[in-house]
Structure formats: structure tokens, C-alpha cells
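This is what each chain is made of:
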Amino acid sequence: MVIVACLLLPFVGLLLYGMDRVEDWLTRSPEPPRHAGARRLRLIAGGRHEPATRSGPDRRSSRAA
């Protein structure tokens, strides 16, 4: 009987390890989908970093002095 217990010990160890892995797999939280990347809000086409300058005929200059 001791010989049978010693022979079954590695199988019981593998069974416990496998059950632990399955339990961790079943209880983990779902990950976000791969296609959901970082969302960026682009309000201005091109996303310039420098301030925009006015140009054209409706440009008005002030001569206050």
C-alpha cells in the first residue's frame, strides 16, 4: 500500500498544479480587446503644435496709439 501511495504521489502533484492553473484561468478578469487602442481626440485637422496664424483678406490690424 505504501508503494502504491508513493507511485501516485507525482500524479496527485500534477493534478493539484493543473487544477490551480485552471482556477486562475477561470477567475481572472477579462482583458480589453486587442483592437481597442488609445483613443485620441483630434479637434483640428493635422493636429498642429504651433499656434495658427491668420492670413488672407479679412486680416485686420489695429492702429491704436
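Our structure is the block above this text.
All values reported here derive from a predicted model rather than from experimental measurement.

Draft legend 1. Inspection of the overall build of the protein at higher detail. Of regular secondary structure, the protein possesses 1 helix and 0 strands. Evaluated residue by residue, the protein yields a buried proportion of 0% over its 65 residues. As displayed, the protein offers around 7600 Å² of accessible surface, 60% of which is attributable to carbon and sulfur atoms.

Draft legend 2. Molecular detail of helix α1 (residues 2-27). The terminal C-alpha atoms of α1, which comprises 26 residues, lie 37 Å apart, in line with the 38 Å expected from a rise of 1.5 Å per residue. Considering bend angle alone, the principal kink of α1 is centred on Leu9 and spans about 35°; proline Pro10 follows within four residues of it. Taken across its 26 residues, α1 has 0 buried, putting it largely on the surface.

Draft legend 3. Local environment of a nonpolar patch on the surface. Taken together, Val4, Leu8, Phe11, Val12 and Leu16 make up a surface patch of nonpolar side chains, about 510 Å² in accessible area. Tracing the chain through its elements places Leu16 in helix α1.

Conventions and cut-offs
Residues numbered from 1 in each chain as written. Predicted model: local features only at pLDDT ≥ 70, side-chain atom pairs only at ≥ 80, totals over all residues. Heavy atoms only, no water. Helix = DSSP H or I, 4+ residues; strand = E, 2+ residues; numbered from the N terminus. Buried < 20%, exposed > 50% of the residue type's maximum accessible area, 1.4 Å probe, protein only. Areas by Shrake-Rupley, 256 points an atom, 1.4 Å probe, with all protein chains shown as cover. Expected span 1.5 Å × (residues − 1). Bend = angle between axes of the 7 residues up to and from the residue. Patch = residues over 30% accessible without salt bridge, like charges linked within 9 Å, V, L, I, M, F, W, Y side chains within 5 Å. Salt bridge = Lys/Arg side-chain N within 4 Å of Asp/Glu carboxyl O.

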